[in-house]
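Structure at a glance
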Amino acid sequence: MNTVDTKERAREAVGGAPAEGKITDEAIAAAQKMIGLQLRPEGPYLQDATTDTLRNWCNGIGDLNPLYREQGYGAASRHGAQVAHPMFPMAYGWIGRTRWGLPGVHGFYAGNDWELFRHIRPGDRVNAIERVIGADVKESKFSGRLVLQYVEATYTNQRGELIARALGTCTRHERKAARDAGKYSDIKTYEYTQDEYDALDDCIMREPENIRGSKVRYWEDVNEGDNLEPIVRGPLSLMDTMGFLVGSGRGHTHGVVFQNAMKHPGHFFRNPEAGGGIEYTGIGHHRESTAKEVGVPGVYDYGPQRSSWMASLVTNWMGDAGFLKRIRTEMRRFNTMGDSTWCKGKVSRKYVKDGHALVDLEIWGENQRGEITTPGLATVVLPSRDPNIRVFFDAGALELDLPVVR
């Protein structure tokens, strides 16, 4: 087949609505045969760490910590330089995405599990290798049969040093099945009372005061059962979702979008609301009509952004001297426009491993309705007053021995 024929077939495959792919036994078998394959990187988007890209990432997730935002603050800190927010590697390319197998079947980011090893500083260049590591068939009330997919991303810097390993998960759903099931059809935009607005505003205004910063939090001063000071993100608006795209360095337009659609026509469609302009099927994050086509009650947030909010809860608590070693978050409920996410946590365990003083945290995101939307956990390395516990600047020498799929 010549190039002209190939392009014509691709143009014909970009329909006037998101594709209605099916989860067939054959499609599942084809996806499972991909286990072990290394994927072409998505992007990269933000690969070079600079003062500007690190600050812009913080703007996209609403993080106010000066260690991650300000060159001067970082230079005066124990690190001798500004360092990246722990979730900055996501800006290379969101992991756990729906880029392999099951053509035309919609995918949702379901969460991730990060083990972190080193800080990223201005001047570093992030590289990543992503590979397929699993695919399971499940049943859900949302869409019936679904496929849960796993990928692993390994991030290094320009010196080949390991920055992080991340397990990413996504769920694949037939669009029509999710739409017909109507699990969330009764959910409406929330109407806040003035007292609820006041509580949101008060928490937002207090957040800078509750960033631990240079005040060292010692392991000995932490007790099991201690609560973390909550942070809140919301009510979710279009400013928040669009700002995350900007902070992530993602912004394909015009011919760039067209070229991508020709390569992957099943992931794009000519949207009648845009006069036939080509849009990615993930435009449901910004268009209510497209969101409802895939069974979501309205425009909704980006999962990687919500995962980053949960990380900010922990980094605010631990201070400059702590190191976020692990963070796991799961997207259990949709977070639609007008929803608020209260990020909360408590200390669940204290212990020592391989000469490091560790604290495990139970963390969760809770919406204004009191529903748990984002359960998770975290592990933090803290300084200790015990002379036998090593001094650390990162956790490059510590392995948590996590299984690949977990």
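Details of the structure are given in the entry above.
Presented here is a report on the structure given in the accompanying data block. This one's a predicted model, so the numbers in the text were calculated from it and none came from an experiment. (Residues numbered from 1 in each chain as written. Predicted model: local features only at pLDDT ≥ 70, side-chain atom pairs only at ≥ 80, totals over all residues. Heavy atoms only, no water.)

Let's talk about the pattern of salt bridges
Pairing is possible between side chains of opposite charge, provided their charged atoms come close. Summed over the entire model, instances satisfying the criterion amount to 33 salt bridges. The closest approach of N and O atoms between Arg 179 and Glu 293, which form a salt bridge, is 3.4 Å. Here the residue Arg 179 occupies a position in helix α6 (residues 175–181), and Glu 293 occupies one in helix α10 (residues 288–293), the gap between them amounting to 114 residues. The exposure class assigned to Arg 179 is partly exposed, which follows from its relative accessible area of 26%. For Glu 293, a relative accessible area of 32% translates into the label partly exposed. A salt bridge links Arg 328 to Glu 330, with the nearest nitrogen and oxygen atoms 3.2 Å apart. Through salt bridges with shared partners, one network takes in Asp 113, Arg 326, Arg 328, Glu 330, Arg 332 and Arg 406. (Salt bridge = Lys/Arg side-chain N within 4 Å of Asp/Glu carboxyl O. Helix = DSSP H or I, 4+ residues; strand = E, 2+ residues; numbered from the N terminus. Buried < 20%, exposed > 50% of the residue type's maximum accessible area, 1.4 Å probe, protein only.)

Regarding the state of the cysteines
Here the structure, examined in full by the defined rule, presents zero disulfides. Of all cysteine sulfurs, the one in Cys 343 lies closest to Cys 58, which takes part in no disulfide; the gap is 15 Å. Judged by relative accessible area, Cys 58 falls into the buried class, the value being 1%. Among the cysteines around Cys 203, which has no disulfide bond, Cys 343 carries the closest sulfur, lying 8.9 Å off. Using a relative accessible area of 5% as the deciding quantity, one classes Cys 203 as buried. (Disulfide = S-S within 2.5 Å.)

Overview of the nonpolar core
If you look at the biggest cluster of nonpolar residues, it comprises 63 residues, and the most contacted ones within it are Phe 88, Trp 114, Tyr 155, Trp 317, Leu 324, Ile 327 and Leu 361. With seven residues, the top contributor of residues to this core is helix α11 (residues 303–318). With sequence-adjacent residues up to four places away left out, Leu 361 is seen in contact with Leu 228, Val 314, Trp 317, Lys 346, Val 347, Ser 348, Gly 376, Leu 377, Ala 378 and Val 380. The next biggest cluster of nonpolar side chains, apart from the first, holds twelve residues, and it includes Ile 23, Ile 28, Leu 39 and Ala 135. (Core = buried A, V, L, I, M, F, W, Y, C linked by side-chain atoms within 4.5 Å. Contact = heavy atoms within 4.5 Å.)

Comments concerning the packing of aromatic side chains
Think of a pair of aromatic rings as described by two things: how far the centres are apart, and how the planes are tilted against each other in angle. Tallied over the entire structure, the rule returns 17 aromatic pairs. Ring plane angle 90° and centroid distance 5.4 Å describe the contact between Tyr 184 and Phe 334, whose orientation is recorded as edge-to-face. Of the two residues, Tyr 184 is situated in the loop between α6 and α7 (194–206) and Phe 334 in the loop between β9 (323–330) and β10 (341–353); the sequence distance between them amounts to 150 residues. You'll find Tyr 184 and Phe 334 in the same group, each marked buried. An aromatic cluster of at least three residues, connected via ring pairs, comprises Trp 57, Phe 88, Trp 94, Phe 244 and Tyr 302. Cation over ring: Arg 385 sits above Tyr 218, and NZ or CZ is 4.3 Å from the ring centre. (Phe/Tyr/Trp six-rings, centres within 6.5 Å; stacked < 30°, edge-to-face > 60°. Lys NZ or Arg CZ within 6 Å of the ring centre and 35° of its normal.)

Focus: the environment of Met 87
By the element assignment, Met 87 lies in the loop between α5 (71–76) and β2 (106–116). Residues Met 87 and Trp 57, 30 residues apart in the sequence, show an inter-C-alpha distance of 9.0 Å.

Description of the side chain of Thr 341
Mapped onto the fold, Thr 341 is located in strand β10. By relative accessible area, Thr 341 is classed as buried at 1%. Residues contacting Thr 341, with those up to four places away along its chain left out, are Ile 231, Val 232, Arg 233, Trp 309, Asn 335, Gly 365 and Glu 366.

Overview of the pairing of strand β5 (residues 162–173)
β5 sits mainly inside the fold: eleven of its twelve residues count as buried. Two strands pair when backbone bridges link them, and β2 and β5 are joined in this way by ten bridges, in the antiparallel orientation. Of the residues in β5, the one forming a bridge with Gly 107 is Arg 172. Here eleven bridges tie strand β4 (residues 144–156) to β5, and the two strands are oriented antiparallel to one another. In the sheet register, Ala 153 faces β5, and the bridge partner there is Ala 166. A loop of five residues connects β4 with β5, the two strands running antiparallel in sequence, and Gly 160 in this loop sits at a positive phi of about 80°. (Pairing = 2+ DSSP bridges.)

Any functional reading would require information that these geometric values do not contain.
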